[in-house]
Amino acid sequence: MQVTMTVNDVEVTREIEGRLLLVHFLRDTLSLTGTHWGCDTSNCGTCVVWLDGEPVKSCTVLAAMADGHEVRTVEGLAKGAELDPIQEGFMQCHGLQCGFCTPGMMMTCRALLDKNPDPTDAEIREAISGQICRCTGYSTIVRSVRWASVHEAANK
Ligand code: FES
Ligand code: FES
């Protein structure tokens, strides 16, 4: 079957098998390997991308379901050479160690700040509760999101 979708503002059309998962479409067909593939059972959240602006676990979405829709991946967060504040926050506050969970964390946290620009620590922890980080203990991730929140507010 043929699918057409917009990925990071670029329209793409490809022939795919109907059973192909979105995570594999992004990684293997489009070479957007920033989206990671972990548990494959909807538990770890490393595969989170946006589908029409909403975070989804791309290991549980068929590529065919994205036909006609807009997808954004971690590669689409920065604006040219300018990092998104959430990326800057993870860098400034050491929100990552091995980095495996980081793309999904950043997509979820960016979506959180778009809806709630000044979340509490509890709200940040709730937002990332569907995602697993084996390295950081989560405190630095929360700190990174707060950094982004404060700096976005200051730059408005
Ligand atoms: S790979 Fe999708 S939730 Fe783990
Ligand atoms: S930084 Fe290693 S899993 Fe999160």
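Residues numbered from 1 in each chain as written. Chains lettered and ligands numbered in written order. Predicted model: local features only at pLDDT ≥ 70, side-chain atom pairs only at ≥ 80, totals over all residues. Heavy atoms only, no water.

- Where an unreviewed UniProt entry is consulted, the chain appears under the name (2Fe-2S)-binding protein, with the organism given as Paractinoplanes pyxinae.

**Let's talk about helix H1 (residues 22-29)**
Spacing of three or four residues puts side chains on the same side of an α-helix, whose turn is 3.6 residues.
Argument step 1. Turning to H1, its buried residues are Leu22, Val23, His24, Phe25 and Leu26.
Argument step 2. Elements that come into contact with the buried residues of H1 comprise strand S1 (2-7), strand S2 (10-15), strand S3 (48-51) and strand S5 (70-72).
Argument step 3. Count one or two residues on from H1 and you reach Ser31, which has phi positive near 60 degrees. (Buried < 20%, exposed > 50% of the residue type's maximum accessible area, 1.4 Å probe, protein only. Helix = DSSP H or I, 4+ residues; strand = E, 2+ residues; numbered from the N terminus. Contact = heavy atoms within 4.5 Å.)

**Thoughts on the sheet that holds S3**
Argument step 1. Taken in spatial order, the five strands of this open sheet run S2-S1-S5-S3-S4, and their pairing is mixed. Only two strands of the sheet have a single neighbouring strand rather than two, namely S2 and strand S4 (54-57). Averaged over all pairs of adjacent strands, the angle between strand axes in this sheet comes to 40 degrees, irrespective of strand direction.
Argument step 2. Pairing analysis gives four bridges linking S3 to S4, with the strands arranged antiparallel. Residue Val48 lies in a different strand from S4, and its bridge partner there is Lys57.
Argument step 3. On top of the sheet, H1 reaches S1, S2, S3 and S5; it is set at about 80 degrees to S1, its chief contact.
Argument step 4. Contacts from helix H3 (residues 102-115) reach S3, S4 and S5 within the one sheet, and its direction differs from that of S3 by about 45 degrees. (Pairing = 2+ DSSP bridges. Axes fitted to C-alpha atoms, helices over the stretch in contact; angles between N-to-C directions.)

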